[in-house]
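For reference, the chains in residue letters:
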Amino acid sequence: ARHADAAAEQRAAWFKQAWRPTDRQDAYVIERVEGEVPRELHGTLYRNGPSQRILPPQGYDALHLFDGDALVHAFRFDDGVAHYRGRFVENECYAIEQAAGRFCMDGFQTPAAEKTDKVLYRVQPNTNVVFHGGKLMALVENAFPFVIDARTLAAVGENDFGGRRIGMSVSAHPKIDGRSGQMVIHGYQPFAPYVQLYVVEPDGR
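Here's what I pulled together on the structure shown here. (Residues numbered from 1 in each chain as written. Predicted model: local features only at pLDDT ≥ 70, side-chain atom pairs only at ≥ 80, totals over all residues. Heavy atoms only, no water.)

**So, the overall build of the protein chain**
In terms of regular secondary structure, the protein chain is built from two helices and 11 strands. Counted from the first residue to the last, the protein chain has its helices and strands arranged as α-β-β-β-β-α-β-β-β-β-β-β-β. By its C-alpha atoms, the protein chain is 55 × 55 × 40 Å across when sized along the principal axes. For the protein chain, the residues scored as buried account for 36% of the 205 residues in total. Summarising the internal contacts of the protein chain: among those between residues at least 6 apart in sequence, 53% fall at separations of at least 24. Of the accessible surface of the protein chain, which amounts to about 12700 Å², a share of 52% is contributed by carbon and sulfur atoms. (Helix = DSSP H or I, 4+ residues; strand = E, 2+ residues; numbered from the N terminus. Buried < 20%, exposed > 50% of the residue type's maximum accessible area, 1.4 Å probe, protein only. Contact = heavy atoms within 4.5 Å. Areas by Shrake-Rupley, 256 points an atom, 1.4 Å probe, with all protein chains shown as cover.)

**Quick look at a nonpolar patch on the surface**
On the surface, Leu120, Tyr121, Met168, Tyr188, Phe191, Tyr194 and Val195 cluster together to form a nonpolar patch covering roughly 810 Å² of accessible area. Inspection of the secondary structure puts Tyr188 in strand β10 (residues 183–188). (Patch = residues over 30% accessible without salt bridge, like charges linked within 9 Å, V, L, I, M, F, W, Y side chains within 5 Å. Salt bridge = Lys/Arg side-chain N within 4 Å of Asp/Glu carboxyl O.)

**Structural notes on the pattern of salt bridges**
One pass over the structure, following the stated rule, counts seven salt bridges. Its salt-bridge partner being Arg122, residue Glu97 comes within 2.8 Å of it at the nearest N-O pair. Placement of the pair is Glu97 in helix α2 (residues 92–100) and Arg122 in the loop between α2 and β5 (128–132), with a sequence separation of 25 residues. For the pair Glu97 and Arg122, a shared accessibility class is recorded, and that class is buried.

**Some words on the nonpolar core**
Within the largest apolar cluster, 12 residues are counted, these being Val130, Met137, Leu139, Phe144, Val147, Phe161, Val170, Ala172, Met183, Ile185, Tyr198 and Val200. At the level of elements, β6 (135–139), β10 and β11 (195–200) are the ones that each hand at least two residues to this core. Beyond its immediate chain neighbours, meaning those up to four positions away, Met183 contacts Val130, His132, Met137, Pro174, Lys175, Ile176, Tyr198, Val199 and Val200. Core analysis: the second largest hydrophobic core is formed by 11 residues, Val72, Val89, Ala138 and Leu153 among them. (Core = buried A, V, L, I, M, F, W, Y, C linked by side-chain atoms within 4.5 Å.)

**Quick look at the sheet that holds β11**
Reading across from one edge, β9-β10-β11 is the order of the three strands in this open sheet, with antiparallel pairing throughout. The outermost strands of the open sheet, each flanked by one partner alone, are β9 (175–176) and β11. As defined by bridge partners, β9 adjoins β10 across two bridges and the pair is classed as antiparallel. Bridge pairing in β10 links Ile176 to Met183. (Pairing = 2+ DSSP bridges.)

**Topic: the packing of aromatic side chains**
Scanning the entire structure with this criterion turns up seven aromatic pairs. Between Phe88 and Tyr94, the ring centres sit 5.6 Å apart and the planes meet at 20°, which makes this aromatic pair stacked. Consider the rings of Phe144 and Tyr198, whose centres lie 6.1 Å apart with planes at 85°: the pair is edge-to-face. Placement of the pair is Phe144 in the loop between β6 and β7 (146–148) and Tyr198 in strand β11, with a sequence separation of 54 residues. When sorted by exposure, Phe144 lands in the same class as Tyr198, which is buried. Here the aromatic cluster, defined as three or more aromatic residues joined through ring pairs, consists of Tyr28, Phe75 and Tyr84. Against the face of Phe103 rests Arg122, its NZ or CZ located 4.7 Å from the ring centre. (Phe/Tyr/Trp six-rings, centres within 6.5 Å; stacked < 30°, edge-to-face > 60°. Lys NZ or Arg CZ within 6 Å of the ring centre and 35° of its normal.)

**Things to note about the side chain of Ser51**
Among the structural elements, Ser51 can be located in the loop between β2 (43–50) and β3 (70–78). In contact with Ser51, other than residues within four places in its own chain, are Pro21, Thr22, Gly68, Asp69, Leu71 and Phe88.

**A short note on the side chain of Gln124**
Along the polypeptide, Gln124 turns up in the loop between α2 and β5. Among the polar contacts made by the side chain of Gln124, one reaches the main-chain amide nitrogen of Gly68 at a distance of 3.2 Å. For Gln124, the contacting residues outside a window of four places in its chain are Gln52, Asp67, Gly68, Asp69 and Val140. (Polar contact = N/O pair within 3.5 Å; in protein donor to acceptor, adjacent residues only side chain to side chain.)

**Topic: the environment of Asp117**
Positionally, Asp117 belongs in the loop between α2 and β5. In this structure Asp117 comes out as exposed when scored by relative accessible area, which is 73%. Residues Asp117 and Met105 lie 12 residues apart in sequence; the distance between their C-alpha atoms is 9.1 Å.

Here it is, written out as structure tokens:
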């Protein structure tokens, strides 16, 4: 039993380390390659995930798995060379907290000791990233997609679907129809209309 307990503790420690946040924003050519990058491979793989840059006073262990600023990673392949760039999504909440220099909005399960009065709630588009209609968008469940530059990952701003919003947010899990090229995404909220469905054309309308 003691051996099993020790193994469980080790697995928990590994899990914590795997999700520990970083504040690094790097851009470089990936020079250490085993084999070679196919010259026929052209394009960019994007990934998104939480990485809380300013921690609460209780530290990293107080955060929920969903908590964390959005950190987008881009792996670009071009003419046999692989490039990496990582950058935080600089939306309004991120900018406010960086300027304040302290954990100032409630997290998923971690309350802030001193809350800012500049926003009602924290928005961290750290759940998904999708390219559609010529726009690279970071997504989370409590907001509309946040557009970032596909090359530099710099902030562009919220995508409000040309003002045709019928709810308070959309989900972070759109689906793109392989035949029509349309993106289907839904929203939900605790008041009418409770569920919304959007079909976004290939050109972003």
